[in-house]
Amino acid sequence: LRQKSTRRRSFFRALTVMTLSDSELSGIAHSAYGREGSLVYRQIVACRSEFATLDPMFESHFYNDGRVERMLCLKGTVKMFHKNQAYNAPVKIFLPRSYPNSPPYVYIDPTSSMRVNDKYPQYRSDGLVMCEYLDRWNRMNSHLVGLVNMLSIVFSEHSPVYQVVASQPPPPQQTHPVQGFNFGSNQSYGQPRYQPNMGPYGQQRLSPQPPRTPSPYVQPPKQQEKPIYSADEEAQMQAIILHSLKTRAVELVTEKFLEETLARDKIMKDLTTEMDTLAVSATTIADMLEKLNADIHMTKGHRDDLVRMKADSEKSLADRAMESVDWDEAVRGRTPLESQLIKLVAEDCAMKDTLDKLNDLYEKEVIELEPFLKTVRKIARDQFRVRMLVNKTRRILA
């Protein structure tokens, strides 16, 4: 087992310094990335076919907490343009074990005569690159080809490196804790970082910082006056940039369209719910109106009856104005049942007045408690019987 483990470590150390073949790349992708191995392998192959200057390797990645993790890496150069001149920007693109659910780690890999141009917020002094494509990384829509195209655009807008005097030693790489791909921030904590100037045992090579030259980008040799790339290569690069811009524009338009579609669907759903509520309310209001119309019709009938009864009463009073009036005869109903109802109501009112008078006498201590209770009990029993007859008569008349 020890011999197998030693041979395996030797094999991976050899892979660190050499470009992987297709079979080696496929084996490492399936071994290191599990179920995502096929997707990682296809994306790397597609990126290699699109950008021949990027080669897959298996290298170590250093974290701030001291961890070292081996992962697949695309190492090489990305084309960029500055003042109509084509240049190569050296980069390393590490694919973490959580790829493609997590974005890659992109680092500028300057040579001994280059320094990271960290005056721009996109570039950290340790070489880490931050851009909007990485901030918006999504495994469904993001891939390595799109990332390299976007890096070409970002590098063309702001040069990632500048040239220093070749005779001077390289400066020490400052290590800043990194927290994430927060676009525009130069200080963050807790995320991995790439250390290109680490020694073989993890120590950092220290050397004095050389002065910068005024040039903001990688200057071509002074004796070379013509462009580095031919017109066909420049046209191809321009076509790649244009394709990347179109792809990004389509993504933005699609994202905006989806947002507006979701907002419209939500509005339509709210309107549908409101219409259903209004329909229920309309049905309820219609039922209430129907009941109100019935009540109005009934009330009009009662009003007509009362008006007629009032006219009859006034006529009777006018006829008997000169005669002595027998109120029992004057106040009578049109039918025997109505006359009985009038008598019952009068009897109920008399009992109520009697009870009120008895209560006043008891409070004034005119009568004793025992006769008061006996009388009240008898009157209450009779009053209950009378009220029951009143209710029954009213139901029959209704």
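Residues numbered from 1 in each chain as written. Predicted model: local features only at pLDDT ≥ 70, side-chain atom pairs only at ≥ 80, totals over all residues. Heavy atoms only, no water.

## Some remarks on the overall build of the protein
When helices and strands are counted, the protein shows nine helices and six strands. When each of the 398 residues of the protein is scored for burial, the buried share is 32%. If you take every contact in the protein between residues at least 6 apart in sequence, the share linking residues at least 24 apart comes to 64%. Working note: accessible area of the protein is about 25800 Å², and carbon and sulfur atoms make up 57% of it. (Helix = DSSP H or I, 4+ residues; strand = E, 2+ residues; numbered from the N terminus. Buried < 20%, exposed > 50% of the residue type's maximum accessible area, 1.4 Å probe, protein only. Contact = heavy atoms within 4.5 Å. Areas by Shrake-Rupley, 256 points an atom, 1.4 Å probe, with all protein chains shown as cover.)

## Some points on the nonpolar core
Membership of the largest hydrophobic core comes to 53 residues, with the highest contact counts inside it found for Leu 72, Leu 95 and Phe 155. Element by element, the count of residues in this core is highest for helix H5 (residues 144-157), at nine residues. Counting nine residues, the second largest nonpolar core, distinct from the first, contains Leu 341, Met 351, Leu 358 and Val 386. (Core = buried A, V, L, I, M, F, W, Y, C linked by side-chain atoms within 4.5 Å.)

## What about the packing of helix H8 (residues 336-363) against helix H9 (residues 369-397)?
Running from N to C, H8 and H9 point in directions that differ by 155°, and their axes come no closer than 9 Å. Taken together, the axes of H8 and H9 are roughly antiparallel relative to one another. As H8 packs across H9, the resulting crossing turns out to be left-handed. Looking at the contact of H8 with H9 residue by residue, the classes come out as 17 nonpolar, five polar and eight charged. (Axes fitted to C-alpha atoms, helices over the stretch in contact; angles between N-to-C directions. Parallel < 35°, antiparallel > 145°, perpendicular 65-115°, else oblique. Left-handed = near helix turned anticlockwise from the far one by under 90°. Nonpolar A, V, L, I, M, F, W, Y, C, P; charged D, E, K, R; others polar.)

## Description of H8
Side chains three or four residues apart in an α-helix point the same way, a direct result of the helix having 3.6 residues per turn. For H8, built from 28 residues, the straight-helix expectation of 40 Å at 1.5 Å per residue is met to within 8% by its first-to-last C-alpha distance of 41 Å. For H8, the set of buried residues is Glu 338, Leu 341, Leu 344, Asp 348, Met 351, Leu 355 and Leu 358. Tucked inside the fold, the buried residues of H8 contact H9. Of the residues one or two after H8, Glu 365 is the one with positive phi, at around 60°. (Expected span 1.5 Å × (residues − 1).)

## As for the environment of Asn 84
Following the sequence through the fold, Asn 84 ends up in the loop between strand E2 (68-82) and strand E3 (85-94). Using a relative accessible area of 68% as the deciding quantity, one classes Asn 84 as exposed.

## What to know about the packing of aromatic side chains
Tallied over the entire structure, the rule returns six aromatic pairs. Each ring, one from Tyr 120 and one from Tyr 123, has its centre 6.4 Å from the other, and the planes form 85°; the classification is edge-to-face. Assessed through its relative accessible area of 0%, Tyr 123 is described here as buried. Ring centres of Tyr 123 and Phe 155 lie 6.1 Å apart, and the angle between their planes is 50°; on these two criteria the pair is classed as tilted. Here Phe 155 lies in helix H5 and Tyr 123 lies in the loop between strand E5 (114-116) and helix H4 (132-135), a separation of 32 residues in the sequence. Taken together, the aromatic side chains of Tyr 99, Tyr 133 and Trp 137 make up a single cluster linked through ring pairs. (Phe/Tyr/Trp six-rings, centres within 6.5 Å; stacked < 30°, edge-to-face > 60°.)

## Digging into the side chain of Lys 92
Tracing the chain through its elements places Lys 92 in strand E3. Separated by 2.8 Å, the side chains of Lys 92 and Glu 59 make a polar contact. (Polar contact = N/O pair within 3.5 Å; in protein donor to acceptor, adjacent residues only side chain to side chain.)

## Comments concerning the packing of helix H3 (residues 37-50) against H5
Running from N to C, H3 and H5 cross one another at 40°; their axes reach a closest spacing of 8 Å. On the basis of the axis angle, H3 is oblique to H5. On the side of H3, the interface is formed by Gln 43, Ile 44, Ala 46, Cys 47 and Glu 50, while H5 contributes Leu 144, Val 145 and Val 148. The residue inventory of the contact of H3 with H5, partitioned by class, reads six nonpolar, one polar and one charged.

## Focus on the confidence of the model for the protein
When pLDDT is averaged along the protein, the result is 78, and 75% of the positions lie at 70 or above. Mean pLDDT values over the elements of the protein span from 49, in helix H1 (residues 2-16), up to 91, in H9. Across residues 174-191 the pLDDT falls below 50, and counting only partners more than four positions away or on other chains, this stretch makes 60 contacts in the model. Low pLDDT, under 50, characterises residues 193-229; the predicted model gives this stretch 88 contacts beyond four residues in sequence or across chains. (pLDDT = per-residue confidence, 0-100.)

## Remarks on the pattern of salt bridges
This model, assessed by the stated rule, comprises 14 salt bridges. In this structure, Glu 36 engages Arg 139 in a salt bridge whose closest nitrogen and oxygen atoms are separated by 3.0 Å. Of the two residues, Glu 36 sits in the loop between helix H2 (22-33) and H3 while Arg 139 sits in the loop between H4 and H5, which places them 103 residues apart along the sequence. When the shortest N-O distance is used, the salt bridge between Glu 132 and Arg 136 registers 2.9 Å. Arg 136 sits in the partly exposed class, given a relative accessible area of 41%. Salt bridges sharing common partners tie together Glu 132, Arg 136 and Glu 255. (Salt bridge = Lys/Arg side-chain N within 4 Å of Asp/Glu carboxyl O.)

## Things to note about the sheet that holds strand E1 (residues 54-62)
Two pairing modes exist for strands in a sheet, parallel and antiparallel, and in both the strands are linked by backbone hydrogen bonds. Read from one edge to the other, the open sheet built from four strands follows the order E1-E2-E3-E4, with strand pairing classed as antiparallel. Looking at which strands have only one partner, the edges of the open sheet turn out to be E1 and strand E4 (105-108). The mean angle between the axes of side-by-side strands here comes to 35°, regardless of whether they run parallel or antiparallel. Across the face of the sheet, H2 comes into contact with E1 and E2 while running at roughly 120° to E2. (Pairing = 2+ DSSP bridges.)

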